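Structural characterization, general
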Amino acid sequence: MSQTNPEFDNNKIPIQKLWQVILASSVGTVIEWYDFYIFGSLSAIISLSFFPKNDPTAAFLSTLAAFGAGFIARPFGGIIFGRLGDRIGRKYTFLLTLLLMGGSTFAIAFIPSYSEIGLIAPAILLALRIIQGLALGGEYGGAATYVAEYAPDAHRGKYTAYIQTTATLGFFVSIIVVLICQNILGDTAFRDWGWRVPFALSGILVVVSYFIRRNMHESPLFSKLKAEGRLSENPLKEAFATKSNRRLMLVAMFGAIVGQGVVWHTGQFYAQIFINKILQVDFVTTNLIIAASLVVGTPLFVVFGSLSDRVGRKVIMLGGMALAAIFYYPLFAWMSDIVGAEGTMVDGAVQLTRWGQLQLAFICCLLVTFAAMAYGPIAAFLVELFPTKIRYTSLSIPYHFANGVFGGCAPFVATWLGAVTHSNFSGIFYPITLAAITVIVGVIYLPETKGRPIMD
(Lines give C-alpha, C1' and ligand atoms only; values in the text may rest on other atoms or scores of the structure.)
Protein backbone atom coordinates (compact mmCIF):
# COMPACT_ATOMS: atom_id res chain seq x y z
CA MET A 1 0.00 0.00 0.00
CA SER A 2 1.42 3.34 -0.95
CA GLN A 3 2.09 5.89 1.74
CA THR A 4 0.75 9.40 1.94
CA ASN A 5 3.07 12.24 0.91
CA PRO A 6 5.15 13.25 3.96
CA GLU A 7 4.70 16.90 2.99
CA PHE A 8 0.93 16.54 3.20
CA ASP A 9 -0.89 19.60 4.60
CA ASN A 10 -4.02 18.65 6.55
CA ASN A 11 -5.45 22.14 5.93
CA LYS A 12 -5.45 21.61 2.15
CA ILE A 13 -7.01 18.15 1.89
CA PRO A 14 -9.75 17.84 -0.79
CA ILE A 15 -13.15 17.55 0.83
CA GLN A 16 -13.93 14.36 -1.12
CA LYS A 17 -10.84 12.67 0.30
CA LEU A 18 -11.74 13.80 3.81
CA TRP A 19 -15.22 12.30 3.53
CA GLN A 20 -13.72 9.02 2.31
CA VAL A 21 -11.56 8.95 5.42
CA ILE A 22 -14.50 9.72 7.70
CA LEU A 23 -16.75 7.12 6.06
CA ALA A 24 -14.17 4.32 6.12
CA SER A 25 -13.31 5.05 9.76
CA SER A 26 -16.91 5.49 10.88
CA VAL A 27 -18.34 2.35 9.29
CA GLY A 28 -15.89 0.14 11.13
CA THR A 29 -16.26 2.04 14.38
CA VAL A 30 -20.08 1.81 14.26
CA ILE A 31 -19.76 -1.95 13.84
CA GLU A 32 -17.33 -2.20 16.75
CA TRP A 33 -19.69 -0.21 18.98
CA TYR A 34 -22.58 -2.40 17.78
CA ASP A 35 -20.57 -5.46 18.78
CA PHE A 36 -19.74 -3.95 22.16
CA TYR A 37 -23.23 -2.69 22.99
CA ILE A 38 -25.33 -5.57 21.66
CA PHE A 39 -24.33 -7.22 24.93
CA GLY A 40 -25.84 -4.35 26.92
CA SER A 41 -28.98 -4.21 24.79
CA LEU A 42 -29.61 -7.89 25.56
CA SER A 43 -28.31 -7.98 29.13
CA ALA A 44 -31.71 -8.76 30.69
CA ILE A 45 -32.17 -11.76 28.37
CA ILE A 46 -28.55 -12.94 28.44
CA SER A 47 -28.68 -13.06 32.25
CA LEU A 48 -31.20 -15.91 32.09
CA SER A 49 -29.05 -17.95 29.69
CA PHE A 50 -25.67 -17.76 31.38
CA PHE A 51 -26.51 -17.47 35.09
CA PRO A 52 -28.79 -19.39 37.48
CA LYS A 53 -32.46 -18.45 37.03
CA ASN A 54 -33.49 -18.81 40.69
CA ASP A 55 -32.47 -15.19 41.46
CA PRO A 56 -33.20 -12.95 38.44
CA THR A 57 -31.84 -9.80 40.14
CA ALA A 58 -28.52 -11.46 40.97
CA ALA A 59 -28.35 -12.89 37.43
CA PHE A 60 -28.97 -9.47 35.91
CA LEU A 61 -26.34 -7.83 38.15
CA SER A 62 -23.88 -10.60 37.21
CA THR A 63 -24.51 -9.87 33.54
CA LEU A 64 -23.99 -6.15 34.12
CA ALA A 65 -20.76 -7.02 35.93
CA ALA A 66 -19.61 -8.98 32.85
CA PHE A 67 -20.70 -6.01 30.76
CA GLY A 68 -18.61 -3.75 33.01
CA ALA A 69 -15.61 -6.10 32.71
CA GLY A 70 -15.39 -5.13 29.07
CA PHE A 71 -15.09 -1.51 30.12
CA ILE A 72 -12.45 -2.28 32.73
CA ALA A 73 -10.43 -4.05 30.02
CA ARG A 74 -10.55 -0.98 27.77
CA PRO A 75 -7.60 0.93 29.33
CA PHE A 76 -5.41 -2.15 28.95
CA GLY A 77 -6.44 -2.30 25.32
CA GLY A 78 -5.54 1.37 25.09
CA ILE A 79 -2.05 0.59 26.39
CA ILE A 80 -1.49 -2.39 24.09
CA PHE A 81 -2.95 -0.98 20.90
CA GLY A 82 -1.94 2.61 21.61
CA ARG A 83 1.67 1.46 21.56
CA LEU A 84 1.10 -0.45 18.32
CA GLY A 85 -0.67 2.56 16.79
CA ASP A 86 2.26 4.86 17.57
CA ARG A 87 4.81 2.27 16.42
CA ILE A 88 3.37 0.55 13.32
CA GLY A 89 0.58 2.92 12.30
CA ARG A 90 -3.02 3.93 12.89
CA LYS A 91 -4.49 1.96 9.97
CA TYR A 92 -3.07 -1.49 10.72
CA THR A 93 -3.81 -1.22 14.42
CA PHE A 94 -7.50 -0.58 14.04
CA LEU A 95 -7.76 -3.30 11.38
CA LEU A 96 -6.55 -5.68 14.10
CA THR A 97 -8.97 -4.32 16.72
CA LEU A 98 -11.85 -4.71 14.26
CA LEU A 99 -11.09 -8.40 13.73
CA LEU A 100 -10.69 -9.06 17.46
CA MET A 101 -13.95 -7.34 18.30
CA GLY A 102 -15.92 -9.02 15.53
CA GLY A 103 -14.50 -12.45 16.26
CA SER A 104 -15.30 -12.36 19.97
CA THR A 105 -18.82 -11.01 19.35
CA PHE A 106 -19.48 -13.72 16.77
CA ALA A 107 -18.27 -16.37 19.23
CA ILE A 108 -20.74 -15.26 21.92
CA ALA A 109 -23.55 -16.49 19.64
CA PHE A 110 -22.34 -20.07 20.06
CA ILE A 111 -21.62 -20.34 23.80
CA PRO A 112 -23.68 -23.13 25.40
CA SER A 113 -26.03 -22.00 28.17
CA TYR A 114 -25.58 -22.35 31.94
CA SER A 115 -28.02 -25.28 31.97
CA GLU A 116 -25.76 -27.13 29.51
CA ILE A 117 -22.22 -26.56 30.81
CA GLY A 118 -22.68 -24.81 34.15
CA LEU A 119 -20.16 -22.22 35.33
CA ILE A 120 -18.02 -22.68 32.23
CA ALA A 121 -20.67 -20.73 30.29
CA PRO A 122 -20.34 -17.43 32.23
CA ALA A 123 -16.55 -17.92 32.33
CA ILE A 124 -16.38 -18.07 28.51
CA LEU A 125 -18.77 -15.13 28.28
CA LEU A 126 -16.56 -13.08 30.60
CA ALA A 127 -13.40 -13.97 28.65
CA LEU A 128 -14.95 -12.92 25.33
CA ARG A 129 -16.27 -9.74 26.92
CA ILE A 130 -12.75 -8.88 28.09
CA ILE A 131 -11.43 -9.41 24.54
CA GLN A 132 -14.14 -7.02 23.32
CA GLY A 133 -12.96 -4.45 25.85
CA LEU A 134 -9.33 -4.81 24.80
CA ALA A 135 -10.28 -4.37 21.15
CA LEU A 136 -12.40 -1.28 21.80
CA GLY A 137 -9.52 0.15 23.83
CA GLY A 138 -7.54 0.29 20.60
CA GLU A 139 -10.34 1.17 18.20
CA TYR A 140 -11.55 4.55 19.44
CA GLY A 141 -8.10 6.12 19.82
CA GLY A 142 -7.14 4.92 16.35
CA ALA A 143 -10.29 6.17 14.63
CA ALA A 144 -10.27 9.54 16.41
CA THR A 145 -6.58 10.09 15.74
CA TYR A 146 -6.84 8.98 12.13
CA VAL A 147 -9.70 11.35 11.26
CA ALA A 148 -8.28 14.24 13.28
CA GLU A 149 -4.91 14.01 11.54
CA TYR A 150 -6.66 14.48 8.20
CA ALA A 151 -9.07 17.21 9.33
CA PRO A 152 -8.26 20.93 8.83
CA ASP A 153 -7.38 22.79 12.03
CA ALA A 154 -10.33 25.19 11.84
CA HIS A 155 -12.93 22.41 11.44
CA ARG A 156 -11.50 19.56 13.49
CA GLY A 157 -14.38 19.60 15.96
CA LYS A 158 -16.90 19.19 13.15
CA TYR A 159 -15.20 16.32 11.34
CA THR A 160 -14.13 14.33 14.41
CA ALA A 161 -17.70 14.65 15.72
CA TYR A 162 -18.76 12.15 13.07
CA ILE A 163 -16.59 9.61 14.87
CA GLN A 164 -18.34 10.65 18.09
CA THR A 165 -21.71 9.69 16.60
CA THR A 166 -20.54 6.12 16.04
CA ALA A 167 -20.99 5.02 19.66
CA THR A 168 -24.60 6.19 19.67
CA LEU A 169 -25.21 4.82 16.16
CA GLY A 170 -23.76 1.46 17.19
CA PHE A 171 -26.09 1.42 20.19
CA PHE A 172 -29.00 2.40 17.95
CA VAL A 173 -28.22 -0.33 15.41
CA SER A 174 -28.02 -2.88 18.24
CA ILE A 175 -31.50 -1.88 19.45
CA ILE A 176 -33.01 -2.00 15.94
CA VAL A 177 -31.49 -5.41 15.18
CA VAL A 178 -32.80 -6.76 18.50
CA LEU A 179 -36.31 -5.45 17.84
CA ILE A 180 -36.38 -6.83 14.28
CA CYS A 181 -35.17 -10.26 15.41
CA GLN A 182 -37.69 -10.34 18.24
CA ASN A 183 -40.51 -9.32 15.91
CA ILE A 184 -39.63 -11.98 13.32
CA LEU A 185 -38.96 -14.83 15.75
CA GLY A 186 -41.51 -14.05 18.44
CA ASP A 187 -40.83 -13.30 22.08
CA THR A 188 -40.55 -16.92 23.27
CA ALA A 189 -38.14 -18.07 20.57
CA PHE A 190 -36.10 -14.88 20.86
CA ARG A 191 -35.61 -15.33 24.60
CA ASP A 192 -34.80 -19.02 24.16
CA TRP A 193 -32.29 -18.91 21.29
CA GLY A 194 -33.04 -15.99 18.96
CA TRP A 195 -30.99 -13.52 21.03
CA ARG A 196 -27.94 -15.25 19.54
CA VAL A 197 -28.77 -14.03 16.02
CA PRO A 198 -27.67 -10.37 16.56
CA PHE A 199 -24.29 -11.66 17.78
CA ALA A 200 -23.92 -13.98 14.79
CA LEU A 201 -24.71 -11.14 12.37
CA SER A 202 -21.56 -9.40 13.57
CA GLY A 203 -19.47 -11.81 11.51
CA ILE A 204 -20.96 -10.51 8.26
CA LEU A 205 -20.65 -6.87 9.29
CA VAL A 206 -17.00 -7.22 10.27
CA VAL A 207 -16.02 -8.85 6.97
CA VAL A 208 -17.61 -5.97 5.04
CA SER A 209 -15.91 -3.36 7.22
CA TYR A 210 -12.55 -5.10 6.96
CA PHE A 211 -12.53 -4.83 3.18
CA ILE A 212 -13.49 -1.14 3.38
CA ARG A 213 -10.69 -0.37 5.84
CA ARG A 214 -8.08 -2.49 4.10
CA ASN A 215 -7.92 0.00 1.22
CA MET A 216 -7.29 3.03 3.44
CA HIS A 217 -3.98 4.91 3.42
CA GLU A 218 -1.96 5.49 6.54
CA SER A 219 -2.45 8.72 8.51
CA PRO A 220 -0.48 11.55 6.83
CA LEU A 221 1.08 12.78 10.06
CA PHE A 222 2.20 9.28 11.04
CA SER A 223 3.68 8.85 7.55
CA LYS A 224 5.54 12.14 7.94
CA LEU A 225 7.04 11.07 11.28
CA LYS A 226 8.02 7.70 9.82
CA ALA A 227 9.67 9.30 6.76
CA GLU A 228 11.64 11.63 9.04
CA GLY A 229 12.67 8.82 11.39
CA ARG A 230 10.94 10.45 14.36
CA LEU A 231 8.66 7.61 15.48
CA SER A 232 8.66 6.92 19.19
CA GLU A 233 10.74 3.89 20.22
CA ASN A 234 8.64 3.33 23.33
CA PRO A 235 5.36 5.32 23.24
CA LEU A 236 4.15 4.04 26.61
CA LYS A 237 7.37 5.04 28.34
CA GLU A 238 7.40 8.43 26.61
CA ALA A 239 3.77 9.08 27.51
CA PHE A 240 4.68 8.83 31.19
CA ALA A 241 8.26 10.12 30.94
CA THR A 242 7.58 13.83 31.22
CA LYS A 243 5.74 15.59 34.01
CA SER A 244 3.90 17.78 31.52
CA ASN A 245 2.43 14.82 29.57
CA ARG A 246 1.47 12.98 32.77
CA ARG A 247 -0.31 16.12 33.94
CA LEU A 248 -2.13 16.44 30.61
CA MET A 249 -3.39 12.85 30.90
CA LEU A 250 -4.63 13.42 34.44
CA VAL A 251 -6.31 16.71 33.54
CA ALA A 252 -7.96 15.11 30.51
CA MET A 253 -9.18 12.24 32.65
CA PHE A 254 -10.59 14.07 35.67
CA GLY A 255 -11.39 17.38 33.97
CA ALA A 256 -13.27 15.97 30.97
CA ILE A 257 -13.48 12.22 30.35
CA VAL A 258 -14.86 10.93 33.68
CA GLY A 259 -17.86 13.25 33.46
CA GLN A 260 -18.32 12.63 29.74
CA GLY A 261 -18.28 8.88 30.34
CA VAL A 262 -20.96 8.84 33.03
CA VAL A 263 -23.14 11.32 31.14
CA TRP A 264 -23.02 9.30 27.91
CA HIS A 265 -23.72 5.95 29.57
CA THR A 266 -26.36 7.28 31.94
CA GLY A 267 -28.22 9.19 29.24
CA GLN A 268 -28.48 6.12 27.02
CA PHE A 269 -27.73 2.84 28.78
CA TYR A 270 -28.88 3.54 32.30
CA ALA A 271 -31.95 5.31 30.95
CA GLN A 272 -32.80 2.06 29.14
CA ILE A 273 -32.26 0.01 32.31
CA PHE A 274 -34.19 2.49 34.44
CA ILE A 275 -37.25 2.45 32.17
CA ASN A 276 -37.25 -1.32 31.55
CA LYS A 277 -36.01 -2.89 34.78
CA ILE A 278 -36.87 -0.33 37.45
CA LEU A 279 -40.03 1.25 36.07
CA GLN A 280 -40.97 -2.10 34.45
CA VAL A 281 -42.04 -0.69 31.10
CA ASP A 282 -42.24 -3.50 28.56
CA PHE A 283 -39.10 -4.41 26.60
CA VAL A 284 -40.27 -3.35 23.13
CA THR A 285 -41.68 0.02 24.24
CA THR A 286 -38.51 0.78 26.20
CA ASN A 287 -36.29 0.13 23.20
CA LEU A 288 -38.51 2.09 20.83
CA ILE A 289 -38.35 5.08 23.20
CA ILE A 290 -34.56 4.88 23.43
CA ALA A 291 -34.22 4.37 19.66
CA ALA A 292 -36.39 7.42 18.96
CA SER A 293 -34.26 9.57 21.26
CA LEU A 294 -31.10 8.37 19.51
CA VAL A 295 -32.49 9.25 16.07
CA VAL A 296 -33.26 12.77 17.28
CA GLY A 297 -30.10 13.18 19.34
CA THR A 298 -27.37 11.70 17.12
CA PRO A 299 -27.08 14.73 14.75
CA LEU A 300 -26.48 16.90 17.82
CA PHE A 301 -23.03 15.34 18.27
CA VAL A 302 -22.01 16.96 14.98
CA VAL A 303 -23.83 20.19 15.87
CA PHE A 304 -21.91 20.55 19.12
CA GLY A 305 -18.64 19.39 17.56
CA SER A 306 -19.02 22.09 14.90
CA LEU A 307 -19.98 24.68 17.51
CA SER A 308 -16.80 23.87 19.41
CA ASP A 309 -14.82 25.06 16.38
CA ARG A 310 -16.28 28.53 17.00
CA VAL A 311 -16.77 28.90 20.75
CA GLY A 312 -14.29 26.34 22.10
CA ARG A 313 -14.25 22.72 23.26
CA LYS A 314 -14.20 23.40 26.99
CA VAL A 315 -17.39 25.41 27.43
CA ILE A 316 -19.53 22.92 25.50
CA MET A 317 -18.17 19.78 27.13
CA LEU A 318 -18.39 21.14 30.67
CA GLY A 319 -21.77 22.70 29.88
CA GLY A 320 -23.21 19.30 28.99
CA MET A 321 -21.87 17.75 32.19
CA ALA A 322 -23.16 20.63 34.32
CA LEU A 323 -26.65 20.35 32.80
CA ALA A 324 -26.63 16.62 33.50
CA ALA A 325 -25.59 17.12 37.13
CA ILE A 326 -28.35 19.70 37.63
CA PHE A 327 -31.23 18.02 35.78
CA TYR A 328 -30.68 14.27 36.12
CA TYR A 329 -32.61 13.86 39.36
CA PRO A 330 -35.71 15.85 38.32
CA LEU A 331 -35.75 14.20 34.88
CA PHE A 332 -35.54 10.65 36.24
CA ALA A 333 -38.15 11.52 38.88
CA TRP A 334 -40.37 12.87 36.10
CA MET A 335 -40.03 9.59 34.21
CA SER A 336 -41.20 7.73 37.31
CA ASP A 337 -44.19 10.05 37.68
CA ILE A 338 -45.12 9.58 34.01
CA VAL A 339 -45.10 5.80 34.29
CA GLY A 340 -47.20 6.02 37.45
CA ALA A 341 -49.78 8.24 35.76
CA GLU A 342 -49.76 6.85 32.20
CA GLY A 343 -48.94 3.16 32.73
CA THR A 344 -50.97 0.01 33.36
CA MET A 345 -49.51 -3.30 34.51
CA VAL A 346 -50.30 -6.06 32.00
CA ASP A 347 -48.77 -9.55 32.27
CA GLY A 348 -45.94 -8.39 34.49
CA ALA A 349 -44.93 -5.33 32.42
CA VAL A 350 -46.15 -1.74 32.27
CA GLN A 351 -48.01 -0.71 29.12
CA LEU A 352 -47.85 3.04 28.48
CA THR A 353 -50.36 5.30 26.80
CA ARG A 354 -49.19 7.07 23.65
CA TRP A 355 -48.87 10.32 25.61
CA GLY A 356 -46.75 8.57 28.22
CA GLN A 357 -44.46 7.18 25.52
CA LEU A 358 -44.03 10.63 23.96
CA GLN A 359 -43.17 12.20 27.30
CA LEU A 360 -40.53 9.55 28.06
CA ALA A 361 -39.07 9.96 24.56
CA PHE A 362 -38.83 13.73 25.10
CA ILE A 363 -36.95 13.24 28.38
CA CYS A 364 -34.60 10.73 26.77
CA CYS A 365 -33.91 13.27 23.98
CA LEU A 366 -32.82 15.72 26.67
CA LEU A 367 -30.53 13.08 28.17
CA VAL A 368 -28.95 12.41 24.76
CA THR A 369 -28.52 16.17 24.26
CA PHE A 370 -26.43 16.39 27.45
CA ALA A 371 -24.37 13.44 26.18
CA ALA A 372 -23.88 15.09 22.77
CA MET A 373 -22.58 18.26 24.41
CA ALA A 374 -20.13 16.34 26.60
CA TYR A 375 -19.04 13.89 23.91
CA GLY A 376 -19.26 15.74 20.58
CA PRO A 377 -16.08 17.88 20.92
CA ILE A 378 -13.97 15.50 22.99
CA ALA A 379 -12.14 13.69 20.17
CA ALA A 380 -10.85 16.98 18.76
CA PHE A 381 -9.93 18.13 22.26
CA LEU A 382 -7.92 14.99 23.08
CA VAL A 383 -6.10 14.87 19.73
CA GLU A 384 -5.13 18.53 20.06
CA LEU A 385 -3.86 17.96 23.58
CA PHE A 386 -1.07 15.46 22.81
CA PRO A 387 1.99 15.35 20.48
CA THR A 388 1.77 13.28 17.29
CA LYS A 389 4.36 10.61 18.02
CA ILE A 390 2.70 9.51 21.28
CA ARG A 391 -0.82 10.75 20.51
CA TYR A 392 -2.49 7.34 20.09
CA THR A 393 -1.09 6.11 23.42
CA SER A 394 -1.52 9.34 25.38
CA LEU A 395 -5.12 9.72 24.20
CA SER A 396 -6.16 6.09 24.65
CA ILE A 397 -4.96 5.53 28.20
CA PRO A 398 -6.90 8.31 29.99
CA TYR A 399 -9.89 8.01 27.66
CA HIS A 400 -10.43 4.31 28.19
CA PHE A 401 -9.51 4.31 31.86
CA ALA A 402 -11.95 7.10 32.70
CA ASN A 403 -14.63 6.17 30.18
CA GLY A 404 -14.30 2.45 30.77
CA VAL A 405 -13.97 2.23 34.53
CA PHE A 406 -16.09 5.21 35.61
CA GLY A 407 -18.47 5.58 32.66
CA GLY A 408 -18.90 1.97 31.60
CA CYS A 409 -19.57 0.81 35.13
CA ALA A 410 -22.24 3.49 35.65
CA PRO A 411 -25.16 1.17 34.71
CA PHE A 412 -23.90 -1.53 37.09
CA VAL A 413 -23.15 0.84 39.98
CA ALA A 414 -26.42 2.73 39.57
CA THR A 415 -28.45 -0.49 39.38
CA TRP A 416 -26.60 -1.97 42.38
CA LEU A 417 -27.17 1.18 44.45
CA GLY A 418 -30.86 1.05 43.65
CA ALA A 419 -31.04 -2.65 44.62
CA VAL A 420 -29.25 -2.33 47.96
CA THR A 421 -31.10 0.83 49.01
CA HIS A 422 -34.47 -0.30 47.62
CA SER A 423 -34.83 3.10 46.00
CA ASN A 424 -35.55 3.92 42.38
CA PHE A 425 -33.38 7.03 42.53
CA SER A 426 -30.28 6.14 44.58
CA GLY A 427 -28.37 5.07 41.49
CA ILE A 428 -28.67 8.43 39.78
CA PHE A 429 -26.47 10.10 42.38
CA TYR A 430 -23.41 8.24 41.05
CA PRO A 431 -23.34 10.03 37.66
CA ILE A 432 -24.51 13.29 39.24
CA THR A 433 -21.56 13.28 41.66
CA LEU A 434 -18.93 12.38 39.06
CA ALA A 435 -20.27 14.86 36.51
CA ALA A 436 -20.21 17.65 39.12
CA ILE A 437 -16.64 16.81 40.21
CA THR A 438 -15.48 16.78 36.58
CA VAL A 439 -17.01 20.21 35.96
CA ILE A 440 -15.20 21.67 38.96
CA VAL A 441 -11.84 20.16 37.97
CA GLY A 442 -12.36 21.13 34.32
CA VAL A 443 -13.22 24.75 35.06
CA ILE A 444 -10.00 25.11 37.06
CA TYR A 445 -7.50 23.04 35.09
CA LEU A 446 -8.78 22.17 31.61
CA PRO A 447 -6.99 24.06 28.78
CA GLU A 448 -8.75 25.28 25.65
CA THR A 449 -7.37 23.57 22.54
CA LYS A 450 -9.63 24.96 19.79
CA GLY A 451 -7.76 25.63 16.55
CA ARG A 452 -4.41 24.26 17.67
CA PRO A 453 -2.33 22.94 14.77
CA ILE A 454 -1.49 19.29 15.40
CA MET A 455 1.42 18.97 12.98
CA ASP A 456 4.55 18.63 15.17
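The numbering scheme is per chain: residues are counted from 1 as the chain's sequence reads. Confidence filtering applies because this is a predicted model: local features only for residues at pLDDT of at least 70, side-chain atom pairs given and counted only at 80 or more, and all residues used for totals across whole chains, interfaces and linings. Side-chain numbers come from the whole structure's heavy atoms, not from hydrogens or water.

Nonpolar cores were defined as sets of buried Ala, Val, Leu, Ile, Met, Phe, Trp, Tyr and Cys residues, with membership established by side-chain atoms within 4.5 Å. Buried residues are those whose accessible area, probed at 1.4 Å on protein chains only, stays under 20% of the maximum for their type, while exposed residues exceed 50% and partly exposed ones sit between those limits. Membership of the largest hydrophobic core comes to 127 residues, with the highest contact counts inside it found for V263 and M335. For this core, the leading source of residues is helix α12 (residues 243-278), giving 16 residues. Contact criterion: two residues are considered in contact whenever any of their non-hydrogen atoms come within 4.5 Å of each other. Residues in contact with V263, not counting those within four places in the same chain, are M321, A324, Y328, F370, A371, A374 and A435. Secondary structure elements are defined from DSSP: runs of H or I of at least 4 residues count as helices, runs of E of at least 2 residues count as strands, and each element is numbered from the N terminus.

Attention shifts here to the environment of F190. Looking at the secondary structure, you find F190 in helix α8 (residues 187-194). Overall, the relative accessible area of 0% leaves F190 in the buried class. Through-space distance from the C-alpha of F190 to that of I175 is 14 Å; in sequence the pair is 15 residues apart. Once residues within four sequence positions are removed from consideration, F190 is found in contact with L42, I45, V178, C181, Q182, L185 and W195.

Basic side-chain nitrogens of Lys or Arg form a salt bridge, by our definition, when they fall within 4 Å of a carboxyl oxygen of Asp or Glu. By the definition in use, this model includes 6 salt bridges. Ionic pairing is found between E384 and R156, a salt bridge with its closest N-O pair at 2.8 Å. Residue E384 is found in helix α16 (residues 378-385), and its partner R156 is found in helix α7 (residues 156-185); the two are separated by 228 residues along the sequence. E384 sits in the buried class, given a relative accessible area of 5%. The buried category is assigned to R156, whose relative accessible area is 0%. Measuring nitrogen to oxygen at the nearest pair gives 3.3 Å for the salt bridge that ties R191 to D187. Pair noted here: R191 and D187 are both in helix α8, with a separation of 4 residues, about one helical turn. In this structure R191 comes out as partly exposed when scored by relative accessible area, which is 36%. Relative accessible area serves as the criterion here: at 40%, D187 is assigned to the partly exposed category. Within the structure, one salt-bridge network assembled from shared partners comprises D153, R156, D309, R313 and E384.

Once that is clear, we can look at the packing of aromatic side chains. Aromatic rings in a pair are described by how distant their centres are and how their planes are angled relative to each other. Pairing of aromatic side chains here covers Phe, Tyr and the six-membered ring of Trp, requires ring centres within 6.5 Å, and sorts the geometry by plane angle: under 30 degrees stacked, over 60 edge-to-face, intermediate tilted. Inspection of the entire model under this criterion finds 21 aromatic pairs. An angle of 80 degrees between the planes, with centres 5.9 Å apart, marks the rings of W19 and Y159 as edge-to-face. A residue pair is termed long-range when its members are at least 10 positions apart, and W19 in helix α1 (residues 15-41) and Y159 in helix α7 qualify at 140 residues. Through a chain of ring-to-ring contacts, the aromatic side chains of Y270, F274, Y328, Y329, F332, F370, F425 and F429 assemble into a single cluster.

Attention now moves to the state of the cysteines. When two cysteine sulfur atoms lie within 2.5 Å, the pair is treated as a disulfide. As enumerated under the stated definition, the model contains 0 disulfides in all. Looking at C365, it has no disulfide partner, and the nearest cysteine sulfur is the one in C364, 7.4 Å off.

Attention now goes to the environment of S219. Mapped onto the secondary structure, S219 falls in the loop between α9 (196-214) and α10 (220-227). Discounting residues that sit within four places of it in the chain, S219 has contacts with R90, Y146, E149 and Y150.

In short, geometric facts, not functional conclusions.
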